[in-house]
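Geometric and topological summary
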Amino acid sequence: MKNARAFLLLLCGVTLAAPAFAAPDESQIDRGHRVYDKWCFPCHGTGVGKPGTESLAARGQKPAVLEERTDLTAPLIKIFVRHGVLFMPTFRKTEISDADLDAIAAYLTRNNKH
Amino acid sequence: MRVPPGVSPGDFAAAIKQFEAAVGKEWVFTSDDDVELYRDSYSPFWHEEEDRVPSAAVAPDGVEQAQAIVKIANAYKIPLWTISTGRNLAYGGSSPALSGSVILDLKRMNRILEVSDKNHYALVEPGVSYFDLYRYIQEHKLKVWIDPPDPGWGSPVGNSLERGGGRGPLHDHFATVCGMEVVLPNGEVMRTGMGALPGSKTWQQYKYGFGPYVDGLFSQSNFGIVTKMGVWLLPEPEAYRDGTVMVARHDDLVPFVETLAYLYNSQIVQGTAALDSPLLTYRVSKGGGVVDLPGDISVAELERIGREQNIPYWSSELHFYGPAKVVDLQWEFTKERFSAIPGVTFKEGRSYRFPVELKDSDDVLRQALGIPNLSVFGFLGKTLGHMDFSPIVPLSGEAVFEALKVFGEVYHEMGVPPQNQFISLPWAFFPRAFVFLFGFQIMHDVEANKRNREVFRRLIEACAEHGWGEYRTHVAYMDDVANVYSYNNHAMLRLHETVKDALDPNGILSPGKSGIWPKRLRKARA
Ligand SMILES: Cc1cc2nc3c(=O)[nH]c(=O)nc-3n(C[C@H](O)[C@H](O)[C@H](O)COP(=O)(O)OP(=O)(O)OC[C@H]3O[C@@H](n4cnc5c(N)ncnc54)[C@H](O)[C@@H]3O)c2cc1C
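What you see is a predicted model; the values in this text were computed from it and never measured. (Residues numbered from 1 in each chain as written. Chains lettered and ligands numbered in written order. Predicted model: local features only at pLDDT ≥ 70, side-chain atom pairs only at ≥ 80, totals over all residues. Heavy atoms only, no water.)

Notes on the overall build of chain A
Convention followed: Every helix listed is a DSSP run of H or I at least four residues long, and every strand listed is a run of E at least two residues long, numbered separately from the N terminus. Exposure categories follow from relative accessible area, calculated using a 1.4 Å probe and restricted to protein chains: below 20% of the type maximum is buried, above 50% is exposed, and the middle band is partly exposed. Only heavy atoms matter for contacts: two residues are in contact if any of them lie within 4.5 Å across the pair. We get accessible surface area from the Shrake-Rupley algorithm with a probe of 1.4 Å; when it comes to residues, only the shown protein chains can shield them.
Broken down by element type, chain A carries six helices and zero strands. Element order for chain A, N to C, with α for helix and β for strand: α-α-α-α-α-α. Burial statistics for chain A: of 114 residues in total, 46% are counted as buried. Restricting the contact set of chain A to residue pairs at least 6 apart, pairs at least 24 apart contribute 59%. Looking at chain A as shown, the accessible area adds up to about 5,900 Å², and 60% of this sits on carbon and sulfur atoms.

Digging into the overall build of chain B
As a reminder, the rule being used: All radius of gyration figures rest on C-alpha atoms, and the globule criterion is 2.2 Å times the number of residues raised to 0.38.
Helices and strands together make up the secondary structure of chain B, namely 13 helices and 20 strands. By the compact-globule yardstick of 24 Å for 526 residues, chain B fits well, its C-alpha radius of gyration being 24 Å. Summarising its shape, the C-alpha atoms of chain B cover approximately 75 × 55 × 45 Å along the three principal directions. Across the 526 residues of chain B, 59% fall into the buried class. Of the contacts made within chain B by residues no fewer than 6 positions apart, 73% connect residues no fewer than 24 positions apart. Of the roughly 21,300 Å² of accessible surface on chain B, 54% is carried by carbon and sulfur atoms.

Looking at the interface of chain B and chain A
Condition: Summed over both partners, the accessible area (1.4 Å probe) lost when two parts come together is defined as the buried area. Salt bridge, as used here: a side-chain nitrogen of Lys or Arg that lies within 4 Å of a carboxyl oxygen of Asp or Glu.
Contact with chain B, which involves 39 residues of that partner, is made by 24 residues of chain A. Both sides of the chain B and chain A interface together cover about 2,700 Å² of buried area, and 60% of this is carbon and sulfur. On the chain B side of the contact with chain A, Leu37, Arg87 and Lys382 of chain B bury the most area, a combined 23% of that side's loss. At the surface where chain B touches chain A, the tally comes to four salt bridges. The closest approach of N and O atoms between Lys38 of chain A and Asp132 of chain B, which form a salt bridge, is 3.3 Å.

Notes on the site of the ligand
Residues and elements named next belong to chain B. Stated formally: Consider each residue's heavy atoms; a residue with any of them within 4 Å of a molecule or strand counts as near. In protein, a polar contact requires one atom able to donate a hydrogen and another able to accept it; more generally it is a pair of N or O atoms within 3.5 Å, and residues adjacent in sequence count only if both atoms are side-chain atoms.
The environment of the ligand is formed by 33 residues, the closest being Ser84, Thr85, Arg87, Gly165 and Lys513. Here Thr85 contributes a side-chain N or O atom positioned 2.6 Å from an oxygen atom of the ligand. A distance of 2.8 Å separates an oxygen atom of the ligand from a polar side-chain atom of Arg472. Burial of the ligand by the protein amounts to 96% of the accessible area it has alone, namely 970 Å².

Considerations on the sheet that holds strand S9 (residues 189–191) of chain B
Residue and element names in this part refer to chain B. Here is the rule we go by: Paired strands are those between which DSSP finds at least two bridges. An axis is simply a line fitted to the C-alpha atoms; with a helix, the fit covers only the stretch in contact. Between two such axes, the angle follows the N-to-C directions and lies from 0 to 180 degrees.
Taken in spatial order, the five strands line up as S5-S6-S10-S8-S9 in an open sheet, and their pairing is antiparallel. If you trace the sheet from one side to the other, it starts and ends with strand S5 (112–116) and S9, each paired once. Taken over all neighbouring pairs, the strand axes of this sheet differ in orientation by 10 degrees on average, direction set aside. Of the strand pairs in this sheet, strand S8 (residues 177–183) and S9 are connected by three bridges, and their pairing is antiparallel. Opposite Val183, over in S9, you have Val189 as the bridge partner. Against the sheet, helix H3 (residues 63–76) touches S8, S9 and strand S10 (225–232), its axis set at about 50 degrees to S8. Running at roughly 55 degrees to S5, helix H4 (residues 130–139) makes contact with S5 and strand S6 (121–124) of the sheet.

Points about the packing of helix H7 (residues 278–285) of chain B against helix H8 (residues 299–309) of chain B
How two helices sit against one another is set out by the angle between their axes and by the gap between those axes. Residue and element names in this part refer to chain B. Short version of the rule: Any angle that is under 35 degrees is reported as roughly parallel, and any over 145 degrees as roughly antiparallel; angles of 65 to 115 degrees are reported as roughly perpendicular and all others as oblique.
H8 packs onto H7 with a crossing angle of 105 degrees between their chain directions and a minimal axis gap of 10 Å. On the basis of their axis angle, the class for H7 and H8 is roughly perpendicular. Listed contacts from H8 to Leu279, Leu280, Tyr282 and Arg283 of H7 are Leu302, Glu303, Ile305, Gly306 and Gln309.

Thoughts on the domain arrangement of chain B
Bring the parts together and some accessible area is lost; that lost area is often taken as the interface size. Residue and element names in this part refer to chain B. Selection criterion: Start and end points for every domain follow an automatic or database-based domain assignment.
What the domain assignment lists for chain B is domain 1 (9–105), domain 2 (112–235), domain 3 (239–354), domain 4 (386–477) and domain 5 (483–521). The gap between the C-alpha centroids of domain 1 and domain 4 is 30 Å. In this assembly, 18 residues from domain 1 lie in contact with 18 residues from domain 4. Both faces combined, the contact of domain 1 with domain 4 buries some 1,600 Å², and carbon together with sulfur accounts for 57% of it. Across the domain 1-domain 4 interface, the total number found is two salt bridges. Glu50 is the partner of Arg453 in a salt bridge, and the nearest nitrogen-oxygen pair spans 3.7 Å. At the boundary of domain 1 and domain 4, one finds nine residue pairs in polar contact (both at pLDDT 80 or more).

Considering helix H2 (residues 26–39) of chain A
Residues and elements named next belong to chain A. Inclusion rule: One fewer than the residue count of a helix, multiplied by 1.5 Å, yields its expected span. By definition, the arc is the one covered by directions from the helix axis to the C-beta atoms.
With 14 residues, H2 ought to run about 20 Å at 1.5 Å a step, and its terminal C-alpha atoms sit 20 Å apart, in line with that. When H2 is considered as a whole, its buried residues turn out to be Ile29, Gly32, Val35, Tyr36 and Trp39. End-on view of H2: buried residues confined to an arc of 125 degrees, all on one side of the axis. Away from its buried face, by an angle of more than 90 degrees, H2 presents the exposed residues Glu26 and Arg34. In the core, the buried residues of H2 are packed alongside helix H3 (41–44) and helix H6 (98–108). Capping the start of H2 is the job of one residue whose side-chain oxygen sits 3.0 Å from the backbone nitrogen of Ser27: Asp25.

A short note on the pattern of salt bridges
All names here are of chain B. A full pass over the atoms with the stated rule returns 48 salt bridges over all chains. Residue Arg458 is joined to Glu413 by a salt bridge in which the shortest nitrogen-to-oxygen separation is 3.0 Å. Taken together, the residues Arg458 in helix H11 (residues 446–465) and Glu413 in helix H10 (residues 397–413) connect sequence positions 45 residues apart. With a relative accessible area of 19%, Arg458 lands in the buried category.

Notes on the confidence of the model for chain B
Close inspection of predicted coordinates is inappropriate in any region flagged by low pLDDT. Stated formally: What pLDDT conveys is the predictor's confidence in a given residue, as a value from 0 to 100.
Taken residue by residue, chain B gives an average pLDDT of 97. The fraction at 70 or more is 100%. Interface confidence for the predicted complex, expressed as ipTM, amounts to 0.95; the pTM equals 0.96.

Quick word on the pairing of strand S17 (residues 391–394) of chain B
Residue and element names in this part refer to chain B. Bridge count between S17 and strand S20 (residues 469–470): two bridges; the pairing is antiparallel. Opposite Ile392, over in S20, you have Gly469 as the bridge partner. Where S17 and strand S19 (residues 433–441) come together, three bridges link them in antiparallel fashion. Each bridged residue has a counterpart across the sheet, and for Val393 the counterpart in S19 is Phe434.

Overview of the confidence of the model for chain A
The share of residues in chain A with pLDDT of 70 or more is 78%, and the mean pLDDT across the chain is 86. Segment residues 1–20 of chain A: pLDDT under 50, and 24 contacts once partners within four positions in sequence are set aside and those in other chains are kept.

Spelled out as structure tokens, the structure:
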């Protein structure tokens, strides 16, 4: 994220270009759920002390819990995980591999209407 | 591709090939996108040349692979910066002190080798996070507690080597370390303490082994790569309780801290105690400072407001762990001791019996009950993170008064407004001392970051002038902090350098860590 403006442009571009619909793969979604629980839930989960959820709620985001969203796209999720936002840091590939990240994306987009 | 300083592109390419042969291509990261992930997410150098950026990263899956990497690095003089879980946010994250270093990422070495709930210890690899260890203990229904720092995604190995702190009775983390396995800079494996005895049955039970005790050499250092570590755990206590002590007047802090020191050093008060000041919080709410600034609401005025509105000057929440009967008596005894201060008041706090199922309505700090979490990030609001300035000062009221005065002078002299001071009152993270924690905000604003770095450096000097020093620091200030630990013409740093040159003649391990540079990169001291 050397250049914050380029990052913003990238974000807009990606939001517009939602990927084509692909049939959800249950085992992929399951794997995504597990990786999400380990790496994302402590900030984005439900219940007290979840700073990602609190931050999104403070912004007026509804629903504030990522798992309940139906508007996130895979490329957008990947950008956030690999570039960070506010105090959410980047995650290394030894923590979350590209395959794990694909699985997280499958999990978080499982309820999207296409 | 970036190359490490002093290494030719050809040599670097050859080294990378050999790293790939050692750990598998998949675990050597060289593309810009992958290497970016090792930058400090809370960097005080955003958009500046000075930003610490590695050239590559390599992630071994075991001690033999780590040894192989060290041998290759020696052959090509490649600097390797070791991380365990790499979540050293506020102190540099996973970034190196020297740009162009190759990150040695031990995250894949994540085995939990043993957990004993009979004698209360664990033996873990560096990639095991507090979350991992907690989950393992839960799954195996073991009756032990870990002591996580506020963010649970770091590791017993990384955090303890940095000499970090937690909240429970075992809050001084380096003090819980018992036995290490270390890959030395020449690639040899060594075990410390009882581990030096082949087939030892007490590696995690007795720290000191025989002869000089060397474990400290591997903390905050660049003398070795720790590949296994023993840590002591807390037997699950029967009960926990807390309570708050409050005193009315400014000068009450002196007997207040004296009493706290007695109780804390007697291990009657066990968890980390943090000093609080409802009246200074009031002053901050009126746009004033925690530190003493000219023209701010005076002590006398604050005391008057305190009397009128029934706001105490100082307070602290104290934590007790143990048998239910005993913690009740400890709290009773604590109140008895503090009652020597006229006007002292107490507030009863929480009380738990274990095991317990916490509900959302329980507002207790999870980490104080050994449960790792990330709730602390909630304090960061809409910010991009921070870097910590963390000086150790004496555990006394007089020292707190002096510190607030000195910090106030620095902030005034440098024109830092109260809303940018980000200082909290000191904590007793470590036995017999206070530590102040300042969280300097990071911004995507080069000028603001530069300014903050100047203030940071001025604080290091001002503290040193008063006999206070930092307990650890961000990679950006390692030279500055090492430089003030200068007793007898830098005798200690010179010893570190002597050890460095003897153990690591090629200067491959974490150049610049704690201000220790290998000979070939060492600058002349002023
Ligand atoms: C909001 C917030 C709150 C925080 N609260 C706390 C707190 O309560 N207590 C606390 O202690 N810290 C705290 N920190 C600081 C920091 O995040 C933690 O200390 C964290 O645990 C350090 O990261 P880590 O455990 O992943 O260690 P790593 O990043 O893996 O390691 C830290 C450093 O230790 C050395 N090192 C690591 N592994 C090895 C090895 N195997 N061999 C040799 N050297 C090695 C390296 O120099 C490395 O850079 C906080 C930070 C933030 C942002």
